[in-house]
Amino acid sequence: MLPAKSALNFNSTLRDNAMLDDVTGTRTVDREVVAFRVAGQDFCIDIMSVREIRGWTETTILPHAQRFVKGVINLRGSVVPVVDLSERLGLGMIEPGPRHVIIITVIGTQTVGLLAEVVSDILTVSDDSMQPVPDIASESARAYISGVVVAQEKMIRKIDLAKVLPANGKELA
Amino acid sequence: MSIIISDDFRESFFQECEDLLEAMNDGFRLMADDQHEIETVHAVFRAVHSIKGGAGAFGLDKLVDFAHHFETALDKLRSGKLDLDDDVLALFQRCGDHLADLVAAAREGAEMEEGIGSHLQAELDEAIGSTPQDEEIAPVEFQPMGLDMDLCLGPASPGRYKIDFAPEAELFRSGNEPALLFRALSRLGKLTVRIDTDALPKFTELDCTKPHLHWLLMLESAEPLDAITDTFEFVEGMCRLEITEDEALDVQNPDASTSLQDIIAQTDAPVDEPLRTAKQPQASSRNETNNRGSGATIRVDLERVDKLINLVGELVIKEAMLSQSISNIALPSENEVSVGLESLKQLAGEIQEGVMAIRAQPVKPMFQRMSRIVREAGIATGKRVRLVTQGEHTEVDKTVIERLVDPLTHMIRNAVDHGLEDTETRRSAGKPDEGTVILSAAHRSGRVMIDISDDGGGINRSKVRKIAEGKGLVSAEADLSPTEIDNLLFLPGFSSKEEVSALSGRGVGLDVARSEVQALGGRVSITSNPGEGTTFSISLPLTLAVLEGMVIEVADQTMVVPITAIQETLQPRTAEIHQIGQDGRVVVNRERLVPIVDLGEVFGFRPAPAVLDNHVLLLVETDNGRHCALIVDGIQDQRQVVIKSLESNYGHVNGVAAATILGDGRIALIIDPDGIIRDAAGQVGAELQFYSAGQCHA
Amino acid sequence: MTLRVLAVDDSRTMRNLLSAALVQAGFDVDLAEDGEDGLQRLSETSPDIVITDINMPRLDGFGLIEAIRGSLGNRHLPILVLTTESAPELKARARASGATGWIVKPFDETKLVAAIERVTMPRGEV
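Here the residue index of a chain counts from 1 through its sequence in written order. Starting at A for chains and at 1 for ligands, labels are handed out in the order in which the entities are written. For a predicted model such as this one, the threshold for reporting local features is a pLDDT of at least 70, and the threshold for listing and counting side-chain atom pairs is 80 or more; totals across whole chains, interfaces and linings nevertheless cover every residue. Side-chain numbers come from the whole structure's heavy atoms, not from hydrogens or water.

Colleague: Looking at this structure, I do not really get the overall build of chain C. What am I missing?
Modeller: Counting its regular elements, chain C contains five helices and five strands. We count a stretch as a helix when DSSP gives it H or I for four or more residues in a row; a strand needs E for two or more, and each element gets its number in order from the N terminus. Going residue by residue from the N terminus, the α and β elements of chain C occur as β-α-β-α-β-α-β-α-β-α. In what follows, residue pairs with any heavy atoms lying within 4.5 Å of each other are defined as contacts. Residue pairs at least 24 apart in sequence account for 63% of intrachain contacts in chain C once pairs closer than 6 positions are excluded. Note on areas: Shrake-Rupley with a 1.4 Å probe; residue coverage comes only from the protein chains shown. A total of about 3700 Å² of accessible surface is found on chain C, and carbon and sulfur atoms cover 52% of it.

Colleague: I tried to follow the pattern of salt bridges on my own but got confused; where do I start?
Modeller: Side-chain pairs of opposite charge can arise whenever the charged atoms involved come near each other. The rule for a salt bridge is simple: a side-chain nitrogen of Lys or Arg has to be within 4 Å of a carboxyl oxygen of Asp or Glu. All told, the structure shown has 43 salt bridges over all chains when counted by the stated rule. Ionic pairing is found between A:Arg54 and A:Glu52, a salt bridge with its closest N-O pair at 3.8 Å. For every residue, the accessible area (1.4 Å probe, protein chains only) is compared with the maximum for its type, and the residue is labelled buried under 20%, exposed over 50%, or partly exposed between those bounds. For A:Glu52, a relative accessible area of 2% puts it in the buried group. The salt bridge partner of B:Asp455 is B:Arg426, with a shortest N-O separation of 2.9 Å. With B:Asp455 in the loop between β9 (447–454) and α18 (461–470) and B:Arg426 in helix α17 (residues 423–428), this residue pair connects regions lying 29 residues apart in the sequence. Relative accessible area serves as the criterion here: at 1%, B:Arg426 is assigned to the buried category. Through salt bridges with shared partners, one network takes in B:Asp97, B:Asp101, B:Arg372, B:Arg375 and B:Glu376.

Colleague: In this structure, what is going on with the sheet that holds strand β10 (residues 523–529) of chain B? I would like to understand it.
Modeller: Adjacent strands of a sheet pair through backbone hydrogen bonds, lying either parallel or antiparallel. Residue and element names in this part refer to chain B. Think of it this way: DSSP has to see at least two bridges between two strands before they count as a pair. Ordered in space as β6-β8-β9-β11-β10, the five strands form an open sheet in which the pairing is mixed. Strands at the two margins of the open sheet, each flanked by one partner only, are β6 (385–390) and β10. Strand-to-strand twist in this sheet, taken as the mean axis angle between neighbours without regard to direction, amounts to 15°. In the sheet, β6 pairs with strand β8 (residues 435–444) via six bridges, with the strands oriented parallel. Paired with Leu 387 across the bridge in β8 is Val 437. Interaxial angles span 0 to 180 degrees and are taken between N-to-C directions of axes, which are lines fitted to C-alpha atoms, for helices over the stretch in contact. Where helix α16 (residues 398–419) meets the sheet, it contacts β6, β8, β9, β10 and β11 (533–541), and its direction lies at approximately 20° from that of β9.

Colleague: Looking at this model, I keep getting lost on the nonpolar core. Mind explaining?
Modeller: One finds B:Phe70, B:Phe92 and B:Leu99 to be the most contacted residues of the largest nonpolar core, which totals 83 residues. Leaving out residues up to four positions away in the same chain, B:Phe92 has contacts with B:Phe28, B:Phe70, B:Ala73, B:Leu74, B:Leu77, B:Leu82, B:Leu84 and B:Leu124. Residues grouped as a nonpolar core are buried Ala, Val, Leu, Ile, Met, Phe, Trp, Tyr and Cys residues, joined through side-chain atoms within 4.5 Å. Residues A:Phe36, A:Ile145, B:Val355 and B:Met356 belong to the second largest nonpolar core, which totals 65 residues.

Colleague: Sorry if this is basic, but what is going on with helix α4 (residues 86–108) of chain B here?
Modeller: Side chains that are three or four residues apart share a direction in an α-helix, a result of its 3.6 residues per turn. Residues and elements named next belong to chain B. Look at α4: 33 Å from first C-alpha to last across 23 residues, which is about the 33 Å you get at 1.5 Å a residue. By the criterion applied in these results, polar contacts are pairs of N or O atoms within 3.5 Å in which, for protein atoms, one can donate a hydrogen and the other can accept it, and in which residues neighboring in sequence qualify only through two side-chain atoms. Here α4 starts with a cap whose side-chain oxygen sits 3.1 Å from the backbone nitrogen of Asp 87, and that cap is Asp 85. Gly 109 sits one or two residues past α4 and shows a positive phi near 70°. A helix is expected to reach a length of 1.5 Å times the quantity of its residues less one.

Colleague: What exactly am I supposed to notice about the packing of aromatic side chains here?
Modeller: Where two aromatic rings form a pair, the distance of their centres and the angle of their planes describe that pair. Ring pairs are drawn from Phe, Tyr and Trp, using the six-membered ring of Trp, whenever the two centres fall within 6.5 Å, and their geometry is named by plane angle: stacked under 30 degrees, edge-to-face over 60, tilted for the rest. The final tally for this structure, using the stated rule, is 14 aromatic pairs over all chains. Each ring, one from B:Phe182 and one from B:Trp215, has its centre 5.3 Å from the other, and the planes form 65°; the classification is edge-to-face. Here the residue B:Phe182 occupies a position in helix α10 (residues 178–188), and B:Trp215 occupies one in strand β3 (residues 214–221), the gap between them amounting to 33 residues. Across the pair, B:Trp215 and B:Phe182 agree in class, each one buried. Ring geometry for B:Phe234 versus C:Trp102: centroids 5.3 Å apart, planes at 65°, classification edge-to-face. You can see B:Phe234 sitting in the loop between α11 (225–231) and β4 (239–245) and its partner C:Trp102 sitting in strand β5 (residues 101–104), one on each of two chains. Across the pair, exposure class does not vary: B:Phe234 and C:Trp102 are buried alike.

Colleague: How should I be thinking about the interface of chain B and chain A in this particular structure?
Modeller: Interfaces are often sized by the amount of accessible area the parts lose when they come together. Facing 24 residues of chain B, the contacting portion of chain A comprises 30 residues. For any pair of parts, buried area is found by adding up, for both, the accessible area (1.4 Å probe) each one loses once the two are put together. Buried area between chain B and chain A, both sides added, is near 2200 Å², and the carbon and sulfur share of it is 56%. When residues of chain B are sorted by the area they lose upon contact with chain A, B:Asn649, B:Tyr650 and B:Ile667 head the list and together hold 38% of the total. In this structure, the connection of chain B to chain A is made through zero salt bridges. Counting across the chain B and chain A interface gives seven residue pairs in polar contact (both at pLDDT 80 or more). Per-element tally for the side of chain B that touches chain A: the top contributor is strand β21 (residues 656–661) of chain B, with three residues. Gly counts as polar in this scheme, as do all residues outside two lists: the nonpolar Ala, Val, Leu, Ile, Met, Phe, Trp, Tyr, Cys and Pro, and the charged Asp, Glu, Lys and Arg. Its residues placed into classes, the side of chain B that touches chain A shows eleven nonpolar, eight polar and five charged.

Colleague: Just checking my understanding: could you explain the sheet that holds strand β4 (residues 79–83) of chain C for this structure?
Modeller: Residues and elements named next belong to chain C. Across the sheet, which stays open at both edges, the five strands sit in the order β2-β1-β3-β4-β5 with parallel pairing between neighbours. The open sheet is flanked by β2 (28–32) and β5, the only strands paired with a single partner. Between one strand and the next, the sheet's axes are offset by a mean angle of 20°, whatever the strand orientation. Two strands pair when backbone bridges link them, and strand β1 (residues 4–8) and strand β3 (residues 49–53) are joined in this way by four bridges, in the parallel orientation. By the bridge assignment, Ala 7 is partnered in β3 with Ile 51. Docked against the sheet, helix α1 (residues 12–24) engages β1, β2, β3 and β4, running at close to 170° with respect to β2.

Colleague: Could you clarify how one ought to interpret the side chain of B:Ser440 in this entry?
Modeller: Within the secondary structure, B:Ser440 sits in strand β8. Setting aside residues no more than four positions away along its own chain, B:Ser440 makes contact with B:Phe367, B:Gln390, B:Met449, B:Ile450 and B:Asp451.

Colleague: Any chance you could explain the confidence of the model for chain C here in plain terms?
Modeller: The predicted coordinates of low-pLDDT regions are not to be read in fine detail. A residue's pLDDT is the confidence the predictor assigns to it, expressed on a 0 to 100 scale. Confidence in the prediction of chain C, expressed as mean pLDDT, is 82, and 93% of residues score 70 or more. The ipTM assigned to the predicted complex is 0.79, against a pTM of 0.52.

In structure tokens:
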């Protein structure tokens, strides 16, 4: 369990562990993922997309923004939007407080913060153990989830980051 | 074994081409003003020549080919075989434009149409009256040739060459050396050398300035005769040389011949290892003391500069944050911390200014591009036009310059197309046939002013008004001042396909040019005098990195309004406010009715407050003379803020120009008054537009 | 000891290419931007060979060669002229000024080294 409030920097030595399986001769790729909770459910994202984890800071509200955009924060001089994952996934809006964390993620050239309740673990999962999204998930959640992993007796949904981010460079009014 | 032509080299070539093209255009301009000297012609020639040389190194054949034709014509001018008249200069300028296009195409790896180039080449040939045979040598010479090619072409079995070589004094004076020639020959095969000293006079009669030695060489080599002859290329005409392919003669008589080593030992510059090459694997690390002479400028990767600018921005923000925390502690006045902090603040400010200056560039290259636009517009409209540029050394942020090219191009074309009259009209008005467009740049009160003036007929206001009314942009009753009519040109939808000519056309109106300028934090205004001409004035910030802003509060949010947009602040309590229609409110200011807009409402933060007594009105003005009073809750401060992009991680937000970071580390949005007014106009409808453009003299 | 080359050309691109090719071939390289700069560098660096462009501002290649030949110590310094044309009159003029030889652009490393070797003695072989 990681302390929620401390800023956590993952260093670059955490890379995909590619191993050659001697028995089958096939190559399985193990990935590390950051697992976290949003609205009581478990989610994860690839550790390679995570830049750091910060405690909640007050955001500056953006006019005309979609409901899931909490506003922008200052990340060492960059203006970074914060996405309320719960609202984005249709699980209700989070009322953020000091116990919440912002997971700073990078996709391509875009840096976006994801608001989560708590970061629970860093897990190693192999591509093989990733399963398709089961039908039980709600429609809106399924749109943002690329797969499901079962680990530590929990069902962890893997977030498709590109889909949860607000559209970049477009007229958002 | 070829030079590794990396992208860096290529890029540096193209960068140099920019400078060379600039030098070329400078030359042409001096020629046009009849102020050139012979050195001007030389400089233009050298510029084109250098482009050709570099292009050859990168195998840019089309560029080489055209540059060669161009250079040949310039050479004629240089040597006085061609007179510089208006036609020749115009041709040269068009060639210069085409050369620039070829360079640009080569840079992008794009293909160019052949038509223009060959047409220009034909014109050049005609101008210099060249005969084809004059031209034949050079293109052939551009074929890359490497000596190693010869290896594959040589005969399979070794031939024997007899070489009779007698150097003349001139050969030594040119810095050539027989021993080195022999060394080169020995690379081609087995070489035996015999000195013939028969011609050597007695020691007492020796004339030291004259060579007396004569060599007989025998070379067994698989190389063709050409390769042997090539070795003597540099000394041709400075020696007696006979090379014959010979099987019979045997000079390999041990008594008569001398080994190469012996020969070299006898000459004044002997070598003991003649076959060693100059190539040494462990080359000393000390090499290329690069460009020492230039000293004046360096080329720096823009990314590095921008990183520095960001860091300095951070420094300024950190300093502001520190100041704020210290002021919270409430230290006694004149304490050391505050004094130290003050000088730190000053230093940070100076560093920031210095770093910004690195990004600043003279507008000259952009102005030069415009002279081409004017030329082309002149040709397209059949008008004679001269472009006069002023203040081209004025420096502006690089990005500003880059993003100004499009709007400026549009306005320049507009000036030629719509501003200048046709020749007949000019004559009857007593003006010279040739119209003048003046493009000037200057620094004025912390901003850059760029003016585009023409000496045309001025804006035909009744016509403009009629068009605007016809399009429903303004009511027929509206009482418009001349300036307000002029500003109608900027209204979206004013120019439409019917009256836009092929030149200014593309369906883009002046409104687009203006919004491009506005996106840079700039403003465009227009002044026109009937019969005398029209001037478009662009006012721009010096940098895109900082701006002077008023820090305000609206609906518990802290925001920044650019100072340049603010005309004055009004107290609602003492101001004269009228209700118009259901939601509209206006304030009377200097006999104008100014619509009131609540920032909080526009941004969707709150409904507009019904009572304004506890608020402040910020009177802002846009370029086309539109005014608007923004309701804000309070004014905190006026200060310089660092501009941060909102778009890189998020996107554009209507009414928001950018973001900044305040002293407490929080982000504040910088509002875009023009965007606000546009938005508000959308909400309130045509009514607002009507007020802003029209009924101002209530 | 490596041979020291002074390359004189007003084109930055050419200087870059020359210095890259020469360094790669194992020479020590000094660069100058025009004839006058070349003369200055010549007195500072005492090169084993000079390679010079012809068309340059201030002092052109011919002027540079004549100036070099005019000084006693450099009467036999090998000087190669860089030229885009191999026009006979150009060569004649280069030779009349005292050039040792020429290199026709565009050059590759092979061509460059071959031309240099034809007119220089590697140091250490002296």
